[in-house]
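Analysis of the macromolecular model
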Amino acid sequence: MPEATFDTLLVVFIAAAITPVLARWLKGVPVPAVVLEIAAGVLIGPEVLGLASEDAVTKDLANFGLSLLIFLAGYEVNPARIRGRPLRFAAGGWLISLAAGLGIGALLARSGNVSALVVGLALTTTALGTLVPILRDAGVLGDRFGTHALAIGTIGEFAPIVAIALLLSGDNPGRTGLLLLAFVAVTLIVALLASRPRSPAAMRFLGESLHTTGQLPVRLAMLILVSLIWLTLEFGLDVLLGAFAAGMVIRLASSGEQASELGSKLEGIGFGFFIPIFFVMTGVTFDIEGLLADTQDLLLLPLFLILFFLVRGLPILLYRSELERPDLVPLAFVSATALPLVVVITEIGVSTGRMAPSLATALVGAGMLSVVLFPALALRLKARSTQRPPADTVTPP
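About the thresholds
Residues numbered from 1 in each chain as written. Predicted model: local features only at pLDDT ≥ 70, side-chain atom pairs only at ≥ 80, totals over all residues. Heavy atoms only, no water. Salt bridge = Lys/Arg side-chain N within 4 Å of Asp/Glu carboxyl O. Helix = DSSP H or I, 4+ residues; strand = E, 2+ residues; numbered from the N terminus. Buried < 20%, exposed > 50% of the residue type's maximum accessible area, 1.4 Å probe, protein only. 1 Å grid on protein atoms, 1.4 Å probe; cavity = no way out; pocket = protein on both sides within 12 Å on 5 of 7 lines; lining within 4 Å. Points joined across faces, edges and corners; volume = space filled by probe spheres on them. Nonpolar A, V, L, I, M, F, W, Y, C, P; charged D, E, K, R; others polar. Patch = residues over 30% accessible without salt bridge, like charges linked within 9 Å, V, L, I, M, F, W, Y side chains within 5 Å. Areas by Shrake-Rupley, 256 points an atom, 1.4 Å probe, with all protein chains shown as cover. Polar contact = N/O pair within 3.5 Å; in protein donor to acceptor, adjacent residues only side chain to side chain. Contact = heavy atoms within 4.5 Å. Phe/Tyr/Trp six-rings, centres within 6.5 Å; stacked < 30°, edge-to-face > 60°. Lys NZ or Arg CZ within 6 Å of the ring centre and 35° of its normal. Axes fitted to C-alpha atoms, helices over the stretch in contact; angles between N-to-C directions. Core = buried A, V, L, I, M, F, W, Y, C linked by side-chain atoms within 4.5 Å.

The subject of this paragraph is the pattern of salt bridges. In the structure shown here, the tally under the stated rule is five salt bridges. Residue arginine 85 is joined to glutamate 322 by a salt bridge in which the shortest nitrogen-to-oxygen separation is 2.4 Å. Placement of arginine 85 in helix α5 (residues 85-108) and of glutamate 322 in the loop between α15 (295-313) and α16 (325-335) is noted, with a sequence separation of 237 residues between them. Given the relative accessible area of 41%, arginine 85 is considered partly exposed. In this structure, lysine 382 engages aspartate 327 in a salt bridge whose closest nitrogen and oxygen atoms are separated by 3.9 Å. Of this pair, lysine 382 sits in helix α18 (residues 357-387) while aspartate 327 sits in helix α16; the two residues are 55 residues apart in sequence, bridging distant segments of the chain. Salt bridges sharing common partners tie together Glu76, Arg136 and Glu267.

Written as structure tokens, this is what we have:
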């Protein structure tokens, strides 16, 4: 490994160690830690301090960090909790968002700098992996609002990944569709095998291994993750599809206290090592100089931020009969929070010539702002609605 790679990793992990402390210090300021990590990456990157740069090793580590982020998002999906109406509402809402996003993409495509498909898919994403820690820390995941937020995040993460696999990752959608069906079939078989009842002796062995150097459940989880990622590569699909599916499989295979402990250890691997590399390196490679060089491109950043809210917030009208009115706007802000998949989609768009680099930078910048602003606004509005007395309550003089 080149010495320059170690230099970059040293600076990256200094940034990763400082940002949680800074987030704690800025407790009164609603800035998620991931945003601080990206901002730290911009600061140490080649366009500011020049302390870090991307090479093949750091790029691979960052890509695996993204895979782990999507894997943990899949692990958060509890099918028993979101099935039925929450999942149907979320799927219907995403289709509305897709139609709106493609329509907006078609308008922007007239400039000739972008594909309508790339913009449309980017606008339909929801950052479940980024949102869950924020919403969990705020204590809003346990009620009906939290259930619908999880369902919306699940579809907003999974559906764009499938669309990427079908429409952006290959030149033959028909062949890709068949390979996708084959991948789904293999994943279902793995899920069925993983969720089969195990003998008490096997459960004891797995539980005991969690407290030894063997760590067999963690190793099995990593085996399934790498195996499904390898399978997507063999099939020519997007690796994030394998990562998300692996998270759901491990969730189905886990239960009880062991599931909580396993999840904690997997989060330790992800958020303790690989995922910070992804977010910091996203900042390192962020083309802030190119964004600031053109006023028109800079103005696209707030425009895309508004479009995120409109495209993902519009379907919240479906929830008028499901949730209290004060919860609708907070849920719209939660739905419109996007970043990791925006990075993936814009990278594919730039590499395939379907998107100008300046537009990609503006979209990623808007995604970063959405992570900063939208969850904070959602939680503030949600807290205000819970403190408001019911309409039929008479306030004593």
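Enumeration according to the criterion identifies one cavity of 30 Å³ or more in this entry. One number sums up the size of the largest cavity: a volume of about 50 Å³. The element best represented in the lining of the largest cavity is α5, accounting for four residues. Partitioned by chemical class, the residues of the lining of the largest cavity number seven nonpolar, two polar and one charged.

A contiguous nonpolar patch, built from Leu10, Ile14, Ile18, Leu22 and Trp25 and spanning about 550 Å² of accessible area, is present on the exposed surface. By the secondary structure assignment, isoleucine 14 is in helix α1 (residues 3-25).

As for its placement among the helices and strands, serine 254 is situated in the loop between α12 (239-253) and α13 (256-284). For serine 254, a relative accessible area of 15% corresponds to the buried category. Separated by 2.7 Å, the side chain of serine 254 and the backbone oxygen of isoleucine 250 make a polar contact. Each residue touching serine 254, except ones within four places of it in the same chain, is listed here: Tyr75, Ala259 and Leu262.

Let's shift gears to the packing of aromatic side chains. The geometry of an aromatic ring pair is captured by two quantities: the separation of the ring centres and the angle between the planes. Under the criterion given, the structure shown has nine aromatic pairs. With a centroid separation of 5.3 Å and 50° between ring planes, the pair formed by phenylalanine 89 and tyrosine 319 is classed as tilted. Note that phenylalanine 89 is positioned in helix α5 and tyrosine 319 in the loop between α15 and α16, a separation of 230 residues in sequence. Between the aromatic rings of phenylalanine 333 and phenylalanine 374, the centroid separation amounts to 5.4 Å while the plane-to-plane angle is 45°, which identifies the pairing as tilted. Placement of phenylalanine 333 in helix α16 and of phenylalanine 374 in helix α18 is noted, with a sequence separation of 41 residues between them. For phenylalanine 374, a relative accessible area of 5% translates into the label buried. Counting every residue linked through ring pairs, the aromatic cluster contains Phe13, Phe64, Phe273 and Phe274. Taking NZ or CZ as reference, lysine 382 lies 5.1 Å from the ring centre of phenylalanine 145, over its face.

What follows covers the packing of α5 against α15. Between α5 and α15, the least distance of the axes is 8 Å, while the angle of their chain directions is 145°. Facing α5, whose interface residues are Gly93, Trp94, Ser97, Ala100, Gly101, Ile104 and Leu108, α15 presents Phe304, Leu307, Val311 and Arg312. Here the residues of the contact of α5 with α15 are counted per class, giving seven nonpolar, three polar and one charged.

Let us now look at the environment of alanine 360. Note that alanine 360 resides in helix α18. Sequence separation between alanine 360 and alanine 336 is 24 residues, and the spatial gap between their C-alpha atoms is 18 Å. Setting aside its immediate chain neighbours within four residues, alanine 360 contacts Thr346, Val350 and Met355.

On to the nonpolar core. For soluble globular proteins, nonpolar side chains are generally found buried alongside one another. Formed by 123 residues in total, the largest nonpolar core has its most connected members in Phe71, Leu266 and Tyr319. Sort the elements by how many residues they give to this core and helix α8 (residues 144-168) lands first, with 13 residues. Excluding residues within four positions of it along the chain, tyrosine 319 makes contact with Pro86, Phe89, Ala90, His148, Ile152, Leu328 and Leu331.

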